[in-house]
Structure formats: structure tokens, C-alpha cells
Amino acid sequence: MELKSKNVFITGSTRGIGLAIAHEFAKQGANIVLNGRSPISQELIDSFSEYGVTVMAISGDVSDYNDAKRMIDQVIEKLGSVDVLVNNAGITNDKLMLKMTQDDFEKVLKINLTGAFNMTQSVLKPMTKARQGAIINITSVVGLTGNIGQANYAASKAGLIGFTKSVAREVAGRGLKVNAIAPGFIESDMTDALSDKMKDAILTKIPVKRIGKTQEVAETAVFLAKHDYITGQVIAVDGGMTMQ
């Protein structure tokens, strides 16, 4: 897919990986839809001015089916289409399984997994009608390996992998691609707050011996959106952590 002038909707794109993905698509000349649950600042919108693209900000809750549909409908009404959907919105609520409540479990699944379902279903009909589109789901290496204290998060991200492959099979004949990216340890406010000892322990698990950058995840998203013969895949951006 040629990305210039295409419309890219990235959920959870006010910071971190989502914001890096938005900037990378804007560099390609794509119009950007920024999304978060809270109102989006003009300062954040203005940070895209150098690219000369249209930037639309829309607040809403991906875990609410009607709100997800409203957001997609509003974007299509204003921009004409959603050509690329990046399901990035996600939360964590880490606890050991013995201490995890049903609410702890379901809240994470509702945003991370059901949210992706809500957004994907809302965009599929117009995408299939256009016979063009790319959906990129941001999962995690935890969805591939599991992790202590993250049964809820790992379940949501593993579910997203199965969801990706199933939807990819359903829509491949309509010209749509559905893929997933599984980031490993990526630079963030959370990793910045880790002690040197914890960082050293993490690096022992990463063959390339460094923490990843949000830019590297963003470039992978652009790669997947551009290439029409890749679908149903999960690309781990993890420095080799999960290689087999």
C-alpha cells in the first residue's frame, strides 16, 4: 500500500509506542488519527505540523463497542476512509494469580482484546467495501511466552495473536492484511524508572544486549502496512528474546 494521503487510525496514540507509530506514518505522508480516552492537547497535534499532513484527534473508549463504532464513523465522515488501523491501546494491572480478582482480569481483557475486536469490527465493513486496508495489532512477547504476575495481560495479548490470525484468514480474499507486532522490552517511562540492577537482569535475556526503541516498533508497523503479501504474521521486535 502506498501510504501517502492514506488515513491511519492509531488507538492509544498520545504517548509511547502509539505516538511513535503515529509520527512514523506521518513521515510517510499519511494522515493521522490520534486517539486516547482523555481530550488530546493542541500541543500534541501541533507536533505533527512539520509533516504537512492532516491530523485528527478523537477521544473515546475502545472497550465500549458503541464508542468504537462512533469513532470510526466520525473519522470516515471527515476523512473519507480508514485505510490503516493500528490497535495499540492497552493497559496492565499486574498481580500474582492468587491475588488477582475477576475484575483485575476482565478489565485488562476488555481494553486489550475486546477493544481490538470493537475497533476491527467497526472498520471491516468499509475496508472490505474498498477492498483495501491494513490492520496491525500491537501484542507483546508476553503473549508468546507468558510472565509471572501477568496472567491477565498475557492472556489478552495471546488472545490478540489468535484474533489476528483468524481475521487475517477471513479477509485475505478481500484485499485486507492483518498482522501483529510483539514488542519486547522497549524504552518507556517504566523502563527509565528501573534500577541499574534490574536493567542488567533484563539485558541478560536479550541477545542483542540492549532495550528496544519505540521507533523500531513504529518502523515495523509502517513496513507491514506497505507490504501487500504479508498477512497473518506476528513479528517480534524484541532483540531476539523469543527466538526459537
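Residues numbered from 1 in each chain as written. Predicted model: local features only at pLDDT ≥ 70, side-chain atom pairs only at ≥ 80, totals over all residues. Heavy atoms only, no water.

Caption draft 1: Layout of the overall build of the chain. Across its full length, the chain carries 9 helices and 7 strands. Taken over C-alpha atoms, the radius of gyration comes to 17 Å for the chain, in line with the 18 Å a tight globule of 244 residues would show. On the principal axes, the C-alpha backbone points of the chain span a range of 50 × 40 × 35 Å. Buried positions account for 49% of the 244 residues belonging to the chain. A separation threshold of at least 6 residues defines the contact pool for the chain, and within that pool the share at least 24 residues apart is 70%. As displayed, the chain offers around 12200 Å² of accessible surface, 51% of which is attributable to carbon and sulfur atoms. Side chains of the chain give 27 positive and 25 negative charges; the mean places of these two sets differ by 5 Å. (Helix = DSSP H or I, 4+ residues; strand = E, 2+ residues; numbered from the N terminus. Rg over C-alpha atoms; globule rule 2.2 N^0.38 Å. Buried < 20%, exposed > 50% of the residue type's maximum accessible area, 1.4 Å probe, protein only. Contact = heavy atoms within 4.5 Å. Areas by Shrake-Rupley, 256 points an atom, 1.4 Å probe, with all protein chains shown as cover. Lys, Arg positive; Asp, Glu negative; His and termini not counted. Charge placed at Lys NZ, Arg CZ, Asp CG, Glu CD.)

Caption draft 2: Inspection of the side chain of Lys-6 at higher detail. Note on placement: Lys-6 falls in the segment before strand S1 (7–10). No salt bridge forms around the buried Lys-6; measuring N to O, its nearest opposite-charge neighbour Asp-83 is 5.9 Å away. At 3.1 Å, the side chain of Lys-6 and the backbone oxygen of Glu-2 are in polar contact. (Salt bridge = Lys/Arg side-chain N within 4 Å of Asp/Glu carboxyl O. Polar contact = N/O pair within 3.5 Å; in protein donor to acceptor, adjacent residues only side chain to side chain.)

Caption draft 3: Highlighting helix H3 (residues 65–79). With 15 residues, H3 should cover 21 Å at 1.5 Å per step; its first-to-last C-alpha distance of 21 Å lies within 8% of that length. Taken together, the buried positions of H3 are occupied by Asp-67, Ala-68, Met-71, Ile-72 and Val-75. In an axial view of H3, the angular spread of the buried residues amounts to 135 degrees, which keeps them on one side of the axis. More than 90 degrees from the buried face of H3, the exposed residues found are Asn-66 and Glu-77. (Expected span 1.5 Å × (residues − 1). Arc of directions from axis to C-beta.)

Caption draft 4: Spotlight on the packing of helix H4 (residues 102–130) against helix H6 (residues 151–171). Where H4 meets H6, the closest approach of the two axes is 8 Å, and the angle between their N-to-C directions is 20 degrees. Classified by the angle between their axes, H4 and H6 sit roughly parallel to one another. Regarding H4 and H6, the two cross each other, and that crossing is right-handed. Where H4 abuts H6, its residues Asp-104, Phe-105, Val-108, Leu-109, Asn-112, Leu-113, Ala-116, Phe-117, Thr-120 and Leu-124 lie against Ala-151, Asn-152, Tyr-153, Ala-155, Ser-156, Lys-157, Gly-159, Leu-160, Phe-163, Val-167 and Val-171. Broken down by class, the residue content of the contact of H4 with H6 amounts to 14 nonpolar, 5 polar and 2 charged. (Axes fitted to C-alpha atoms, helices over the stretch in contact; angles between N-to-C directions. Parallel < 35°, antiparallel > 145°, perpendicular 65-115°, else oblique. Left-handed = near helix turned anticlockwise from the far one by under 90°. Nonpolar A, V, L, I, M, F, W, Y, C, P; charged D, E, K, R; others polar.)

Caption draft 5: Broad picture of the nonpolar core. Counting residues in each nonpolar core, the largest one holds 35 residues, and the members touching the most others are Phe-25, Val-84 and Ile-136. Listed by contribution, the elements that provide at least two residues to this core are S1, helix H1 (16–27), strand S2 (31–36), helix H2 (42–46), strand S4 (84–87), strand S5 (133–138) and helix H9 (214–226). Ranked by the residues each element gives to this core, the list is headed by H1, at 7 residues. If near-sequence neighbours (up to four positions away) are discounted, Ile-136 is found in contact with Phe-25, Val-84, Leu-85, Val-86, Asn-87, Asn-179, Ile-181, Ala-221, Leu-224 and Ala-225. If you look at the next biggest cluster of nonpolar residues, it comprises 26 residues, including Phe-9, Ile-72, Ala-89 and Leu-160. (Core = buried A, V, L, I, M, F, W, Y, C linked by side-chain atoms within 4.5 Å.)

Caption draft 6: Structural view of the UniProt feature "active site" (unreviewed entry) in the chain. Annotation from UniProt places "active site" (unreviewed entry) at Tyr-153. Residue placement: Tyr-153 occurs in helix H6. Residue classification places Tyr-153 among the buried positions, given a relative accessible area of 15%. Not counting chain neighbours up to four residues away, the residues in contact with Tyr-153 comprise Ile-91, Thr-92, Val-108, Asn-112, Ser-140 and Val-142. (UniProt positions renumbered as here; feature names shortened; annotations may be inferred.)

Caption draft 7: Examining the pattern of salt bridges more closely. All told, the structure shown has 8 salt bridges when counted by the stated rule. Of the charged contacts, one joins Asp-104 and Lys-95 as a salt bridge, the two residues approaching to 2.9 Å between their closest N and O atoms. Of the residues examined, Lys-95 reaches a relative accessible area of 32% and is grouped as partly exposed.

Caption draft 8: Spotlight on the sheet that holds strand S6 (residues 176–183). Read across the open sheet, the 7 strands follow the order S3-S2-S1-S4-S5-S6-S7; overall the sheet is parallel. The outermost strands of the open sheet, each flanked by one partner alone, are strand S3 (55–59) and strand S7 (234–237). Direction aside, neighbouring strands of the sheet carry axes that sit 20 degrees apart on average. In terms of strand pairing, S1 meets S2 through 4 bridges, oriented parallel. When the sheet's bridge partners are listed, Ile-10 is paired in S2 with Leu-34. Lying on the sheet, H4 is in contact with S1, S4, S5 and S6; it crosses S4 at an angle near 170 degrees. The strands that H6 touches are S5, S6 and S7; relative to S6, the one it contacts most, it runs at about 160 degrees. (Pairing = 2+ DSSP bridges.)

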